[in-house]
Protein chains: 4
Amino acid sequence: MPKQSIDRREAYPFFLPIQMRWGDLDPFHHVNNVTYYRYFELIVVTFLAERAGLDLLDSPLRTFAAETRCLFTKALDFGRSGPAGSFLDGGFCVDHLGRTSVTYGLALFAPDDNEAAAQGHWTHVFVDRDTARPVPIPEAVRAVFAETRRR
Amino acid sequence: MPKQSIDRREAYPFFLPIQMRWGDLDPFHHVNNVTYYRYFELIVVTFLAERAGLDLLDSPLRTFAAETRCLFTKALDFGRSGPAGSFLDGGFCVDHLGRTSVTYGLALFAPDDNEAAAQGHWTHVFVDRDTARPVPIPEAVRAVFAETRRR
Amino acid sequence: MPKQSIDRREAYPFFLPIQMRWGDLDPFHHVNNVTYYRYFELIVVTFLAERAGLDLLDSPLRTFAAETRCLFTKALDFGRSGPAGSFLDGGFCVDHLGRTSVTYGLALFAPDDNEAAAQGHWTHVFVDRDTARPVPIPEAVRAVFAETRRR
Amino acid sequence: MPKQSIDRREAYPFFLPIQMRWGDLDPFHHVNNVTYYRYFELIVVTFLAERAGLDLLDSPLRTFAAETRCLFTKALDFGRSGPAGSFLDGGFCVDHLGRTSVTYGLALFAPDDNEAAAQGHWTHVFVDRDTARPVPIPEAVRAVFAETRRR
């Protein structure tokens, strides 16, 4: 496990507030680490739909997750004083932009904490819906990715 | 299956906005019906923590779900134009208030729809954390329940 | 909450072993009650695919859940001595068979326990995939349902 | 994304059959990639409980996930001919054994396929339940890990 520095909010150009659910808690009263990938997924599809204009369900191309990864540095609690405080901030950036694939940087921040509780990567390959073969990332999408690089 | 009328928003005194997740979708592109109970759970624990002041994790009493039920009337979609529109409204009321148990009425509303997409019930029994035996609902909690009856 | 007798295994003509997952546990170390509906769903689709011969993903008709319900009588534990003991038995029967809808009886049994830890109902309406309008249950499926009534 | 060879079954000394659930499917009719981590988790806790003899819920030490990672190479389908064929095989090995942490190798295999559909890593740090500080892996557990190295 190589040492890795903890990400800060300023590295991420796009944020999505994420509502934690009681059902995300594990027997240790923390948000379960598997759930972090569920949060990552929501951040990614939100960016793709809202910013990059992709129709995820019906477009002729699909995104196939080739690799995902997460480092966990701080436990995330579901607000004991009430779920009103139970939103966290999901950060998104583009770390590598290839011809048919893209790697996002992702991080989760507790409210009022500038250091990531978790950070990771998610590599998407763009594939043809029918053949599942890689296809070039559409130019309009590529342009949006290019503007969203890690700061 | 007896006919049952569809609930409207005005019946519910408490609402919680609920963020849908991509991962809630099933192979038919709708929010999976099992997930509706996950939404109900979040509404209930939010009310208990925020309004009724219960410490769900550490208090000497616990709430045990004795019965849950849901009628599904309309499919819920995850916003195709982007998850920005992907919040729904969860309604909560008290339908029956007993000595050691309470039955909540619950409903889910799509934005801009006054008719429930789903509605149901959830019965909680208050039990001692250690013995799991029913205990009377604390007076302060009972008072809050009494003020939150279905309109 | 009307009193209801606890179901026994002999009432159910079809059983499916269900593997519990660590991720099914809630902060109280029990299988979370919402997850019971995930188990019910698996029992139902298994019966429909294996016994009734339905192609759930590609057939011209779909099943739409109109109502689900569960009574919880005993907590289900994920085996502390190891997940080897972490299968439970899901029971399935047909309680009501209509022209376009069917109501299943469902129950979950801990190993070596003849009394249901939970029992419930699940009503499916058969609908046309495109119009979402109710359609008659196919004769072959109806015949299988008729042979699977509660004992 | 560096090229990486696909793992084969013979590399893994421990296997756990994993029951896929209908609810694991995403809108593209495949097992959702986030769910793979849920499978990994089940493999890990099963090994820890059954083979390494750890009481995950009540022991004075806990395991904290420090990093997880997964490469996805083949889509996993929920058996269309019926869920009877819907078990996959989860492989487990130890890739790195430190003083207070251990890294597992994990892989998922479709039935009758010797090549992994997905493979990854999971790093656990052993921590004191109360202080959350790293503690040495108990000798008995370490011995079991040492016998379970990747082949």
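Structure first, text after, so check above.
Residues numbered from 1 in each chain as written. Chains lettered and ligands numbered in written order. Predicted model: local features only at pLDDT ≥ 70, side-chain atom pairs only at ≥ 80, totals over all residues. Heavy atoms only, no water.

### A few points about the overall build of chain A
Reasoning step 1: For chain A, the count of helices and strands is two helices and five strands.
Reasoning step 2: For chain A, the N- to C-terminal ordering of α and β elements is β-α-β-β-β-β-α.
Reasoning step 3: A compact globule built from 151 residues should have a C-alpha radius of gyration of about 15 Å, and chain A, at 16 Å, falls within 12% of that.
Reasoning step 4: Per-residue burial over chain A gives 60% buried out of 151 residues.
Reasoning step 5: For chain A, the share of sequence-separated contacts (at least 6 apart) that also reach a separation of at least 24 residues comes to 73%.
Reasoning step 6: Carbon and sulfur atoms form 50% of the exposed surface of chain A, whose accessible area is close to 6,000 Å².
Reasoning step 7: One finds the centroid of the 17 positive side-chain charges in chain A at a distance of 4 Å from the centroid of its 19 negative side-chain charges. (Helix = DSSP H or I, 4+ residues; strand = E, 2+ residues; numbered from the N terminus. Rg over C-alpha atoms; globule rule 2.2 N^0.38 Å. Buried < 20%, exposed > 50% of the residue type's maximum accessible area, 1.4 Å probe, protein only. Contact = heavy atoms within 4.5 Å. Areas by Shrake-Rupley, 256 points an atom, 1.4 Å probe, with all protein chains shown as cover. Lys, Arg positive; Asp, Glu negative; His and termini not counted. Charge placed at Lys NZ, Arg CZ, Asp CG, Glu CD.)

### What about empty space enclosed by the protein?
Reasoning step 1: For the structure on display, the rule yields 10 cavities of 30 Å³ or more.
Reasoning step 2: Here the largest cavity defines a volume of roughly 860 Å³.
Reasoning step 3: Those elements that place two or more of their residues in the lining of the largest cavity are α1 (33-51) of chain A, α1 (33-51) of chain B, α1 (33-51) of chain C together with α1 (33-51) of chain D.
Reasoning step 4: A total of four residues in the lining of the largest cavity trace back to one element, the largest contributor, which is α1 of chain B.
Reasoning step 5: Partitioned by chemical class, the residues of the lining of the largest cavity number 16 nonpolar, 12 polar and 17 charged. (1 Å grid on protein atoms, 1.4 Å probe; cavity = no way out; pocket = protein on both sides within 12 Å on 5 of 7 lines; lining within 4 Å. Points joined across faces, edges and corners; volume = space filled by probe spheres on them. Nonpolar A, V, L, I, M, F, W, Y, C, P; charged D, E, K, R; others polar.)

### Section: the nonpolar core
Reasoning step 1: Counting 187 residues, the largest nonpolar core has F145 of chain A, F145 of chain B, F145 of chain C together with F145 of chain D as the members making the most contacts within it.
Reasoning step 2: Among residues more than four places away in sequence, those in contact with F145 of chain A are F47, L48, V94, L97, V102, Y104, F126 and I137 of chain A. (Core = buried A, V, L, I, M, F, W, Y, C linked by side-chain atoms within 4.5 Å.)

### A few points about the packing of α1 of chain B against α1 of chain C
Reasoning step 1: Direction vectors running N to C along α1 of chain B and α1 of chain C enclose 175°, while the axes themselves pass 9 Å from each other. Taken together, the axis directions place α1 of chain B and α1 of chain C in an arrangement best described as roughly antiparallel. The segment α1 of chain B lies against α1 of chain C, with V34, T35, Y37, R38 and E41 of chain B engaging V34, T35, Y37, R38 and E41 of chain C. (Axes fitted to C-alpha atoms, helices over the stretch in contact; angles between N-to-C directions. Parallel < 35°, antiparallel > 145°, perpendicular 65-115°, else oblique.)

### Notes on the relation of the copies chain B and chain D
Reasoning step 1: Once turned by 180° and shifted 0.0 Å along the axis, chain B lies on chain D with an RMSD of 0.0 Å. Each copy turns onto its partner about a two-fold axis. By C-alpha distance to the rotation axis, the residue of chain B lying nearest is P27 of chain B, at 2.0 Å.
Reasoning step 2: The fraction of interface residues of chain B whose copies in chain D are also interface residues reaches 100%, indicating that both copies meet through the same surface. (Least-squares fit on C-alpha atoms with pLDDT ≥ 70 in both.)

### Brief notes about the environment of L16 of chain C
Residue and element names in this part refer to chain C.
Reasoning step 1: Along the chain, the position of L16 falls in strand β1 (residues 14-19).
Reasoning step 2: By relative accessible area, which is 12% here, L16 ends up buried.
Reasoning step 3: Between the C-alpha atoms of L16 and Y39, which are 23 residues apart in sequence, the distance is 9.7 Å.

### Here's the deal with helix α2 (residues 139-146) of chain C
All names here are of chain C.
Reasoning step 1: Taken together, the buried positions of α2 are V141, V144 and F145. Viewed end-on, α2 has its buried residues packed into an arc of 100°, placing them on one side of the element. Pointing more than 90 degrees away from the buried face of α2 are the exposed residues E139 and A140.
Reasoning step 2: Elements in contact with the buried residues of α2: α1, β3 (87-97), β4 (101-109) and β5 (118-128). (Arc of directions from axis to C-beta.)

### Describing the relation of the copies chain B and chain C
Reasoning step 1: Take chain B, turn it by 180°, move it 0.0 Å along the axis, and it overlays chain C with an RMSD of 0.0 Å.
Reasoning step 2: A share of 100% of the interface residues of chain B reappears at the interface of chain C, consistent with the copies meeting face to face through the same patch.

### Section: the interface of chain B and chain D
Reasoning step 1: Taken together, the contact between chain B and chain D spans six residues of the former and six residues of the latter.
Reasoning step 2: In this assembly, chain B and chain D are joined by zero salt bridges.
Reasoning step 3: On the surface where chain B and chain D come into contact, there are two residue pairs in polar contact (both at pLDDT 80 or more).
Reasoning step 4: A breakdown of the residues in the side of chain B that touches chain D according to their chemical character gives four nonpolar, one polar and one charged. (Salt bridge = Lys/Arg side-chain N within 4 Å of Asp/Glu carboxyl O. Polar contact = N/O pair within 3.5 Å; in protein donor to acceptor, adjacent residues only side chain to side chain.)

### Observations regarding the state of the cysteines
Reasoning step 1: Overall, the coordinates contain zero disulfides over all chains when judged by the stated rule.
Reasoning step 2: Free cysteine C70 of chain A: the closest other cysteine sulfur is in C70 of chain D, separated by 13 Å.
Reasoning step 3: Judged by its relative accessible area of 0%, C70 of chain D falls in the buried class. (Disulfide = S-S within 2.5 Å.)

### Side note on the interface of chain B and chain C
Reasoning step 1: Contacts between the two partners involve 27 residues from chain B and, on the opposite side, 27 residues from chain C.
Reasoning step 2: Buried surface at the junction of chain B and chain C, summed over both partners, amounts to about 2,500 Å²; 58% is from carbon and sulfur atoms.
Reasoning step 3: Viewed at the interface, chain C and chain B are joined by two salt bridges.
Reasoning step 4: Notably, a salt bridge pairs R69 of chain B with E67 of chain C, separated by 3.0 Å at the nearest N-O pair.
Reasoning step 5: Our count for the contact surface shared by chain B and chain C stands at 13 residue pairs in polar contact (both at pLDDT 80 or more).
Reasoning step 6: Counting only elements with at least two residues in the side of chain B that touches chain C, the list comes to α1, β2 (61-72) and β5 (118-128) of chain B.
Reasoning step 7: Here the side of chain B that touches chain C gets 10 residues from one element, more than from any other, and that element is β2 of chain B.
Reasoning step 8: Residues that form the side of chain B that touches chain C fall into these classes: 14 nonpolar, seven polar and six charged.
Reasoning step 9: Examined bridge by bridge, β2 of chain B and strand β2 (residues 61-72) of chain C share five bridges and lie antiparallel to one another. (Buried area = accessible area lost by both parts, 1.4 Å probe. Pairing = 2+ DSSP bridges.)

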